Amino acid sequence: MTRVDELSAHALGQGELDEGYRRATLRLIPFLVFLFILAWIDRVNVGFAKLQMLSDLKFSEAVYGFGAGIFFIGYFLFEVPSNLLLERIGARKTLARITILWGLASMSLAFVQSEWAFYAIRFLLGVFEAGFFPGVVLYLTYWFPSAKRSRINGLFMTSFAIAGVVGGPLAGLIMGTMGGVSGLANWQWLFILEGIPSLVAGAAVLAFLPDRPKDAGWLSPKVAAAMSAIVEAEGRAAGKEASFKAALRDGRVWLCALIYFCIVSGNATIAFWTPSIIKEIGVQGAIAIGFLAAVPFIAGTIAMVWTGAHSDRTGERRLHCAVASLIAAAGLAATGALIGHAVLAFLALTVAAVGILAAFPVFWSLPQTFLAGTAAAGAIAAINSIGNLAGFVAPYVVGLSNTLTGTSSNGLYVVAGFELLAGLLVLGFARWREGTSADLAPAE
């Protein structure tokens, strides 16, 4: 960005700039939400397929938990390279590749016959999806300044919750009506029908998504230059790390990764186990389970949007994230304790979803306070990939609990402990925010 462009950003009227942000929000966020809904559905629909798939293929609960979680091993291994590639070649090509390949992998799950085939395809699904979420988080930093990012992240991350709202009933309808059609089981149709839209969406990314403000035909050159100048000036601000290698030596990056691991453990649990938990508390029928599974995610959507907007309005990040994590811990622990009381357990599960989902948009504002440029690209991916290892650990812990004890309760207590730790670590983040790899002493 030239000095002329920076001066134009200051000269531009606030009304014109706000209109540019409004257009970017309306043009980008709904499309990115739609893409992530497809990714999330293709990632977690195995939780609904499980209701019939396990008996058809003679898989144990532990096999399911391992297969659900191994996705995150592939995700972990390929996430940083994917985000660094996005920084080099742009979001359009990167997100199109990711979307098409995960659709193909998801459809392939319809034809697994053995445990090892199940593990292999779930692993590949993680490899192919790696980089999507942190790629979008990074992509939004090219468009919106830090003061707007909790709200923007919150709007994008409603895709978690909307996917639960849409995915539950949709999966229930497919599972309840498609069994036996053309000789395929209902769970096979689930993977096929929910994988096809991702192939179409990947082509739409190539046609629709601009890499940077300057590539957006719906922004004037003056507004596009001003938007870019503002975020680039923030990136050059004192105290922001721009080198990826230096970022990896910064203790704050690893603290964020640990916090995110704990937060994601709850998200993975409700994503992969909500249908089973609802069944365990006494609800029968795939369609009924599917519609009830949407309720916690509706509540979580509202909480996510409100928390992101309120955090931006007040400028406070740490307490918003910590309180949400503590609510999640209480909800998960209560779900485990009340598993024999259907209504109370369901209410507790809803409380857990509210806390879990509300923590996400505010959390992602924390690393962006000290990262910029290539450091942001690599470190955001590293935080997300390490954090998402919880997506392997948490489902397996709950599955193992089911296999060994016949109930999810003990597994839910473990995950509640992770969420409690997240809240405590976030509360301590202020003591680290001024630290570096050489000096992690408490801030004065």
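Quick notes on the rules
Residues numbered from 1 in each chain as written. Predicted model: local features only at pLDDT ≥ 70, side-chain atom pairs only at ≥ 80, totals over all residues. Heavy atoms only, no water. Helix = DSSP H or I, 4+ residues; strand = E, 2+ residues; numbered from the N terminus. Buried < 20%, exposed > 50% of the residue type's maximum accessible area, 1.4 Å probe, protein only. Contact = heavy atoms within 4.5 Å. Phe/Tyr/Trp six-rings, centres within 6.5 Å; stacked < 30°, edge-to-face > 60°. Lys NZ or Arg CZ within 6 Å of the ring centre and 35° of its normal. 1 Å grid on protein atoms, 1.4 Å probe; cavity = no way out; pocket = protein on both sides within 12 Å on 5 of 7 lines; lining within 4 Å. Points joined across faces, edges and corners; volume = space filled by probe spheres on them. Patch = residues over 30% accessible without salt bridge, like charges linked within 9 Å, V, L, I, M, F, W, Y side chains within 5 Å. Areas by Shrake-Rupley, 256 points an atom, 1.4 Å probe, with all protein chains shown as cover. Salt bridge = Lys/Arg side-chain N within 4 Å of Asp/Glu carboxyl O. pLDDT = per-residue confidence, 0-100. Expected span 1.5 Å × (residues − 1). Disulfide = S-S within 2.5 Å. Core = buried A, V, L, I, M, F, W, Y, C linked by side-chain atoms within 4.5 Å. Domains from an automatic or database assignment.

Re the overall build of the protein
- A tally of helices and strands in the protein yields 18 helices and 0 strands.
- In the protein, buried positions account for 58% of the 444 residues.

Focus: the environment of glycine 131
- For glycine 131, the location among the structural elements is in the loop between α6 (115–129) and α7 (132–141).
- Given a relative accessible area of 0%, glycine 131 falls into the buried group.
- A sequence separation of 51 residues divides glycine 131 from valine 80, and the C-alpha atoms of the two residues are 7.0 Å apart.
- In contact with glycine 131, other than residues within four places in its own chain, are Glu79, Ser82, Asn83 and Ile98.

Here's the deal with the packing of aromatic side chains
- Applying the stated criterion across every chain yields a total of 23 aromatic pairs.
- Taking the centre distance of 4.6 Å and the plane angle of 55 degrees together, the rings of phenylalanine 31 and phenylalanine 208 count as tilted. Note that phenylalanine 31 is positioned in helix α2 (residues 14–44) and phenylalanine 208 in helix α9 (residues 186–208), a separation of 177 residues in sequence.
- Given the relative accessible area of 38%, phenylalanine 208 is considered partly exposed.
- Summarising the aromatic geometry, the rings of tryptophan 187 and phenylalanine 191 are spaced 6.3 Å apart at their centres and angled 80 degrees between planes, so their arrangement reads as edge-to-face. Taken together, the positions of tryptophan 187 and phenylalanine 191, both in helix α9 and 4 residues apart, correspond to about one turn of that helix. Accessibility classification places tryptophan 187 together with phenylalanine 191 in one group, the buried group.
- Chaining the aromatic ring pairs together yields one cluster made of Phe36, Trp40, Trp102, Phe132, Phe133, Phe156, Tyr260, Phe360, Phe363 and Trp364.
- Note that lysine 50 overlies the ring of tyrosine 64, its terminal NZ or CZ placed 5.5 Å from the centroid.
- In this structure, arginine 212 packs its charged tip against the face of tyrosine 142, placed 3.6 Å from the ring centre.

Let's talk about empty space enclosed by the protein
- Tallying each qualifying case throughout the model produces 2 cavities of 30 Å³ or more.
- Here the second largest cavity defines a volume of roughly 110 Å³.
- Every residue lining the second largest cavity is counted, 16 residues in all, and those nearest its centre are Trp40, Arg43, Val264, Asn267 and Asn388.
- Listing elements by their share of the lining of the second largest cavity, those giving two or more residues are α2, α4 (61–89) and α12 (251–280).
- No other element matches α12, which puts 6 residues into the lining of the second largest cavity.

Quick word on the side chain of threonine 25
- Following the sequence through the fold, threonine 25 ends up in helix α2.
- Apart from residues lying up to four places away in sequence, threonine 25 is in contact with Pro30, Phe144, Ile152 and Leu155.

What to know about a nonpolar patch on the surface
- Together, Leu319, Val323, Leu326, Ile327, Val351, Leu420, Leu424 and Leu427 make up an exposed nonpolar region whose accessible area comes to about 620 Å².
- Put simply, the parts of the chain that give the nonpolar patch at least two residues each are α14 (318–337) and α18 (409–427).
- The topology assignment puts leucine 424 in helix α18.

Digging into the confidence of the model for the protein
- Predicted confidence across the protein gives a mean pLDDT of 82, with 89% of residues reaching 70 or more.
- Under a pLDDT of 50 for its full length, residues 1–8 has, in the predicted model, 10 contacts with residues more than four places off or in other chains.
- Within the model, the stretch residues 434–444 combines pLDDT values under 50 with 15 contacts to residues more than four positions away or in other chains.

Some details on helix α13 (residues 286–314)
- The terminal C-alpha atoms of α13, which comprises 29 residues, lie 43 Å apart, in line with the 42 Å expected from a rise of 1.5 Å per residue.
- Just beyond α13, the residue with positive phi is glycine 315, at close to 75 degrees.

Concerning unusual backbone geometry
- Look at lysine 58: it is not a glycine, yet its phi comes out positive at around 60 degrees.
- Positionally, lysine 58 belongs in the loop between α3 (46–57) and α4.
- A positive phi angle, close to 55 degrees, is found at serine 182, a residue other than glycine.
- Tracing the chain through its elements places serine 182 in the loop between α8 (149–177) and α9.

Topic: the pattern of salt bridges
- Taken as a whole and assessed by the stated rule, the structure comprises 6 salt bridges.
- In this structure, glutamate 19 engages arginine 23 in a salt bridge whose closest nitrogen and oxygen atoms are separated by 3.3 Å. With glutamate 19 and arginine 23 both in helix α2 and 4 residues apart, this pair spans about one turn of that helix.
- A salt bridge links arginine 43 to glutamate 129; its shortest N-O distance comes to 2.5 Å. Of this pair, arginine 43 sits in helix α2 while glutamate 129 sits in helix α6, placing them 86 residues apart in sequence.
- In this structure, a network of salt bridges that share partners links the residues Glu19, Arg22 and Arg23.

Re the state of the cysteines
- Taken as a whole, this structure holds 0 disulfides when the rule is applied.
- Take cysteine 256: it sits in no disulfide, and the sulfur closest to it among the cysteines is that of cysteine 321, at 9.4 Å.
- A relative accessible area of 0% means that cysteine 321 is categorised as buried.

Points about the nonpolar core
- Membership of the largest hydrophobic core comes to 137 residues, with the highest contact counts inside it found for Leu32, Phe133, Trp143, Phe156 and Phe363.
- If one sorts the elements of this core by residue count, α2 sits on top with 16 residues.
- Counting contributing residues, this core receives three or more from each of domain 1 (11–234) and domain 2 (243–429).
- Discounting residues that sit within four places of it in the chain, phenylalanine 133 has contacts with Phe36, Tyr75, Phe156, Met157, Phe160, Tyr260, Trp364 and Asn384.

Considerations on the side chain of threonine 335
- Mapped onto the elements, threonine 335 comes out in helix α14.
- Overall, the relative accessible area of 0% leaves threonine 335 in the buried class.
- The residues contacting threonine 335, other than those within four sequence positions of it, are Ile277, Ala345, Ala348, Leu349 and Leu412.

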